[in-house]
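Descriptive analysis of the structure
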Amino acid sequence: MSRKGCIAVTKYFLFLFNFFFFLLGGLLFSFGLWLLFDRDSFAAVLGSAYYALKIWSYIFCGVGILTMWMGFLGCLGSLKEIKCMLGCYFAFLLLLFLAQIIIGILVYSQSKTLNRKVGDYVTEIIEHYGTYNPSTDEEESWDFVQMEFQCCGWILSNDWMENSIIKNSSYHLYPCSCRGNVSQPGQPGNSTTAAPTTRPKIAGFCNSYGQPWSVYEMGCMDGVQTWLTNNIVTIVGISLGIALMELCLMTLSMFLCRTIGPNYDKLARYS
């Protein structure tokens, strides 16, 4: 294939690939907005906490905007052979690639520090759980984590004994999210003793009525680590796939940018 044909193939491949990314970014951004403004419907269907849905909506919007911007630079820069746009496109890809490497190194080297900081944050949530009315976003998210990973507390379920409401209550309270979808005492389908006439009305807590806590035994630290262990191949595979794609696009954009040359920069047409 001649040099001119190779440049044409590279140019239109970059255009089509980035046009697809531009459309994908638009879909992600639209879905993020939908998730942000219609959280009630998603919370009812998915059973997720509002705070978790809000975080995911921000992530989708941010990733969508970034993907659209990258797609715009790649599309217009390759199709119109605008050298400075291709340069910006290459620079953004390089920054993303370096950021992935730095984050991976920090997570690997600072795993103990990260684990300790997360543990301190979760401990604070557990100690003050139920003291706010209505429940905070962090409390709803922690309920979701415990139900999703089927765990209780950070290290062990005994972490909840430090909760101010449980310590000071005359009832035998425990967090309902530690028990999953099991029905509450006094309701059909429950094997515990019948409920007395006076019941505590504290959001997020259930009454064991003097019985041992029927909760998940595994702490959420072990639950998260188990999930990571079971999905490590998928996580590494996706990360390597993204990194290889970025390297490929950087190579193509650099090749096209170098072949355009200073005499073919089309930016002056639009100035």
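Residues numbered from 1 in each chain as written. Predicted model: local features only at pLDDT ≥ 70, side-chain atom pairs only at ≥ 80, totals over all residues. Heavy atoms only, no water.

Points about the overall build of the protein
On a plain count of helices and strands, the protein comes out with eight helices and two strands. Beginning at the N terminus, the succession of helices and strands in the protein can be written as α-α-α-α-α-α-α-β-β-α. Buried positions account for 33% of the 271 residues belonging to the protein. When contacts within the protein are restricted to residue pairs at least 6 apart in sequence, those whose partners lie at least 24 apart make up 71%. On the protein, roughly 16,600 Å² of surface is accessible, and the fraction owed to carbon and sulfur atoms is 66%. (Helix = DSSP H or I, 4+ residues; strand = E, 2+ residues; numbered from the N terminus. Buried < 20%, exposed > 50% of the residue type's maximum accessible area, 1.4 Å probe, protein only. Contact = heavy atoms within 4.5 Å. Areas by Shrake-Rupley, 256 points an atom, 1.4 Å probe, with all protein chains shown as cover.)

Observations regarding helix α6 (residues 137-149)
Along its 13 residues, α6 runs 18 Å from first to last C-alpha, staying within 8% of the 18 Å computed at 1.5 Å per residue. Listed as buried for α6 are Glu139, Ser141, Trp142, Asp143 and Gln146. Looking one or two places after α6, you find Gln150, whose phi comes out positive at around 50°. (Expected span 1.5 Å × (residues − 1).)

Some words on the nonpolar core
Core analysis: the biggest nonpolar cluster contains 21 residues, and Trp142, Cys152, Trp154, Trp160 and Phe205 have the highest contact counts within it. Listing elements by their share of this core, those giving two or more residues are α5 (111-127), α7 (164-168), β1 (173-175), β2 (205-207) and α8 (220-260). (Core = buried A, V, L, I, M, F, W, Y, C linked by side-chain atoms within 4.5 Å.)

Things to note about the state of the cysteines
Counted under the stated rule, the structure contains three disulfides. The partner cysteine of Cys151 in its disulfide is Cys220, sulfur to sulfur 2.0 Å. Here Cys151 and Cys220 share a disulfide; its torsion about the S-S bond, 85°, makes the bridge right-handed. Taken together, the residues Cys151 in the loop between α6 and α7 and Cys220 in helix α8 connect sequence positions 69 residues apart. Each member of the pair, Cys151 together with Cys220, is buried. Here Cys152 is linked by a disulfide to Cys178, with a sulfur-sulfur distance of 2.1 Å. For the disulfide bridge between Cys152 and Cys178, the dihedral angle about the S-S bond is near 85°, and by the sign convention the bridge is right-handed. Here Cys152, found in the loop between α6 and α7, pairs with Cys178, found in the loop between β1 and β2; they are 26 residues apart in sequence, far enough to count as distant. Cys178 matches Cys152 in its accessibility class, with the two residues each being buried. (Disulfide = S-S within 2.5 Å.)

Things to note about a nonpolar patch on the surface
Taken together, the side chains of Trp227, Leu228, Ile232, Val233, Ile235, Val236 and Leu240 make up a nonpolar region of the molecular surface, amounting to roughly 640 Å² of accessible area. Relative to the elements of secondary structure, Ile235 occurs in helix α8. Residue classification places Ile235 among the partly exposed residues on the basis of a relative accessible area of 33%. (Patch = residues over 30% accessible without salt bridge, like charges linked within 9 Å, V, L, I, M, F, W, Y side chains within 5 Å. Salt bridge = Lys/Arg side-chain N within 4 Å of Asp/Glu carboxyl O.)

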